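Fold and geometry: a report
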Amino acid sequence: MTVAMVGKPAPEFELKDESGKTHKLSDYKGKIVVLEWTNPDCPYVVRHYEAKTMQKTWEKFGPEKVVWLAVDSSNFVKPESSTEWKGKEGFGYPVLQDPSGTVGKLYEAKTTPHMYIVDAEGVLRYNGAIDDDPRGKSEAPTNHVEQALGALLEGKDVPQTNTKPYGCSVKYSS
């Protein structure tokens, strides 16, 4: 099994979202894809959704340029709970269901949130934290995902390809 490594082709996967629609990574070739490991019960995720960190980052670049896929690898995730959370938070991207943790382990997702960026050619270009503010105390945190997306869309190298993700552990079944 090939695991996700920055600079290498991102591992292919196929997951259903909260509405039952199937998403394959290869469906999005030609677009930049952000993968956000998430768990709505995690206080770090709650803080970022209250601040609209993910939504604002995605909206800055727009769905025509960037595909944003939340992935919930919690062993207890259910489509109904993802639908309810999505409605409460008001975001428009899908929440992929990975209760077996297969795709989370393939990407070695460790925390929620844990962010990955795949470029238009399908190469993994970023692995790490959403920002440099694990405690939420900085008045001007550096958004690593925003920096990486900006660089990729300008045809430049991602300035920082790996950062240490922070948050809750992914609640894998084993």
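Residues numbered from 1 in each chain as written. Predicted model: local features only at pLDDT ≥ 70, side-chain atom pairs only at ≥ 80, totals over all residues. Heavy atoms only, no water.

An unreviewed UniProt entry lists the protein chain under the name Thioredoxin family protein, from Microvenator marinus.

What follows deals with the sheet that holds strand E4 (residues 66-72). Overall, mixed pairing links the five strands, which are arranged E5-E4-E3-E7-E8 in an open sheet. Each end of this open sheet is capped by a strand with a single partner; those strands are strand E5 (95-97) and strand E8 (124-128). Strand-to-strand twist across the sheet, computed as the mean angle between neighbouring axes with direction ignored, equals 20°. Across three bridges, the pairing between E4 and E5 is parallel. By the bridge assignment, Asp72 is partnered in E5 with Gln97. The strands touched by helix H2 (residues 53-61) within the sheet are strand E3 (32-37), E4 and strand E7 (114-118), with E4 carrying the most contacts at an inclination of about 155°. (Pairing = 2+ DSSP bridges. Helix = DSSP H or I, 4+ residues; strand = E, 2+ residues; numbered from the N terminus. Axes fitted to C-alpha atoms, helices over the stretch in contact; angles between N-to-C directions. Contact = heavy atoms within 4.5 Å.)

We now examine the pattern of salt bridges. Throughout the structure, instances matching the rule amount to five salt bridges. For Arg125, the salt bridge identified is with Asp119, shortest N-O distance 2.8 Å. (Salt bridge = Lys/Arg side-chain N within 4 Å of Asp/Glu carboxyl O.)

Turning to H2, a few remarks are in order. Quick reminder: α-helices carry 3.6 residues per turn. Residues three or four places apart thus point the same way. Listing the buried residues of H2 in full gives Thr53, Met54, Gln55, Thr57, Trp58 and Phe61. Contacts from the buried residues of H2 go to E3, helix H1 (43-50), E4, helix H3 (79-89), E7 and helix H5 (144-153). Count one or two residues on from H2 and you reach Gly62, which has phi positive near 90°. (Buried < 20%, exposed > 50% of the residue type's maximum accessible area, 1.4 Å probe, protein only.)

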